[in-house]
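For reference, the chains in residue letters:
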Amino acid sequence: MKNITILISGSGTNLQRIIDCIDSGEIRNARIIQVIADRECYGLQRAEKHRIPTRLIKRGKNFSEELDKAIPQNTDLIVLAGFLSILKPEFCEKWKGKIINIHPALLPKFGGKGMWGHHVHQAVIESGEKESGATVHFVTSGIDEGEIILQRKFEIDENDTPETLAEKVHQVEYDIFPKAIDLVLNK
Ligand code: GRF
C-alpha cells in the first residue's frame, strides 16, 4: 500500500476526485494518510468527512520547514492538488521524484510565477491560443518546470471566457490527475 499526502489551498474538487478514485480502485494500491492546507479552505472539510487526518499550516516564517515536519515520513507521494504556496528548493530536492502537481494549462506555456487560477485562463484567452488543457508534472525548484507526466488538450471555443475555460480545464484535470497518480505509484 502506497501512502499519499495531499497539499491544498482551495475547494478541493481534485482532492475529492482522488478520494473517489482510490475508493473505486481507479487509483490502485494507495491511501491518503494526510491532507495539509496552507489556509482555511473547503478541501479540509472534504478530507474530514472521509476521516483523513488534516493539518492547517499557515504561511509565514519557516513555512517550508513547518510543512516538512507535518508530512508523514512514510509518505510515498506528495500530491499538490490546487496548492498555492511556493515550496523552497531544499524541500523540492528532498522529495524529488515523489512530488507532483497539477497545472491548469499546457505547460511549458502559461506556467511560472503569478500563473495560477484565473490568471492562467485570462492569459490564455488574451494571447489568442487555439487550445488549452491541463498538465500533471513532477515538482522541481523551478516553478512549473518539472518533467511532464500527463497532459491533455482541448480546443478553445471563440465564446470561451476565463470562467468557462476554468470549468473545461477542471473536467480534464478530473480525468488525468487520477491516471497520473496511478501511473507514478504503480509503474
Ligand atoms: C485546479 O485548477 C488546479 O489546476 C490548480 O488549482 C485548481 C484547484 O481546484 N492548481 P480544486 O481546489 O481542486 O477544485
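The coordinates are above.
A quick note: this is a predicted structure, and the numbers were derived from the prediction, not measured.

## Remarks on the overall build of the protein chain
Of regular secondary structure, the protein chain possesses 6 helices and 7 strands. Going residue by residue from the N terminus, the α and β elements of the protein chain occur as β-α-β-α-β-α-β-α-β-α-β-β-α. Over its C-alpha trace the protein chain gives a radius of gyration of 16 Å, about what one expects of a compact globule, namely 16 Å for 187 residues. Overall, the C-alpha framework of the protein chain stretches about 45 × 40 × 30 Å when taken along its three principal axes. Taking all 187 residues of the protein chain together, the buried fraction comes to 50%. For the protein chain, long-range pairs separated by at least 24 residues make up 63% of all intrachain contacts whose partners lie at least 6 apart in sequence. Each charge class in the protein chain was averaged separately, 25 positive and 27 negative side chains, and the resulting centres sit 7 Å apart.

## Some thoughts on the pairing of strand 5 (residues 99-103)
The buried fraction of strand 5 amounts to 5 of the 5 residues, a majority that puts the element mostly inside the structure. Judged by which residues are buried, strand 5 turns out to be covered on both faces: Ile99, Asn101 and His103 on one side and Ile100 and Ile102 on the other are all buried. Pairing of strand 4 (residues 77-80) with strand 5, which is carried by 3 bridges, proceeds in the parallel orientation. Across the sheet, valine 79 pairs through a bridge with isoleucine 100, a residue of strand 5. A crossover connection joins strand 4 to the parallel strand 5 through helix 4 (residues 89-94); in handedness this β-α-β unit is right-handed.

## Remarks on the site of the ligand
Neighbouring the ligand are the residues Gly10, Ser11, Gly12, Thr13, Asn14, Gly82, Ile102, His103, Pro104, His170 and Glu173. Note that an oxygen atom of the ligand is positioned 3.2 Å from one of the side-chain N or O atoms of serine 11. Glycine 12 is positioned such that a nitrogen or oxygen atom in its backbone is 2.8 Å from an oxygen atom of the ligand. In this structure, the ligand is accommodated by the largest pocket. Elements with a contribution of two residues or more to the shell around the ligand: helix 1 (13-24), strand 5 and helix 6 (162-185).

## A word on the side chain of aspartate 144
When you line up the elements, aspartate 144 lands in the loop between strand 6 (131-138) and strand 7 (148-155). Look at aspartate 144: it is buried, it has no salt bridge, and the nearest opposite charge is lysine 113 at 12 Å. Within polar-contact distance, the side chain of aspartate 144 engages the backbone nitrogen of glycine 112 at 2.9 Å. Each residue touching aspartate 144, except ones within four places of it in the same chain, is listed here: Asn101, His103, Leu107, Gly111, Gly112, Met115 and His137.

What counts as what
- Residues numbered from 1 in each chain as written.
- Predicted model: local features only at pLDDT ≥ 70, side-chain atom pairs only at ≥ 80, totals over all residues.
- Heavy atoms only, no water.
- Helix = DSSP H or I, 4+ residues; strand = E, 2+ residues; numbered from the N terminus.
- Rg over C-alpha atoms; globule rule 2.2 N^0.38 Å.
- Buried < 20%, exposed > 50% of the residue type's maximum accessible area, 1.4 Å probe, protein only.
- Contact = heavy atoms within 4.5 Å.
- Lys, Arg positive; Asp, Glu negative; His and termini not counted.
- Charge placed at Lys NZ, Arg CZ, Asp CG, Glu CD.
- Pairing = 2+ DSSP bridges.
- Right-handed = clockwise from strand over helix to strand, strands pointing away.
- Near = heavy atom within 4 Å.
- Polar contact = N/O pair within 3.5 Å; in protein donor to acceptor, adjacent residues only side chain to side chain.
- 1 Å grid on protein atoms, 1.4 Å probe; cavity = no way out; pocket = protein on both sides within 12 Å on 5 of 7 lines; lining within 4 Å.
- Sits in = over half its atoms within 2 Å of the grid points.
- Salt bridge = Lys/Arg side-chain N within 4 Å of Asp/Glu carboxyl O.

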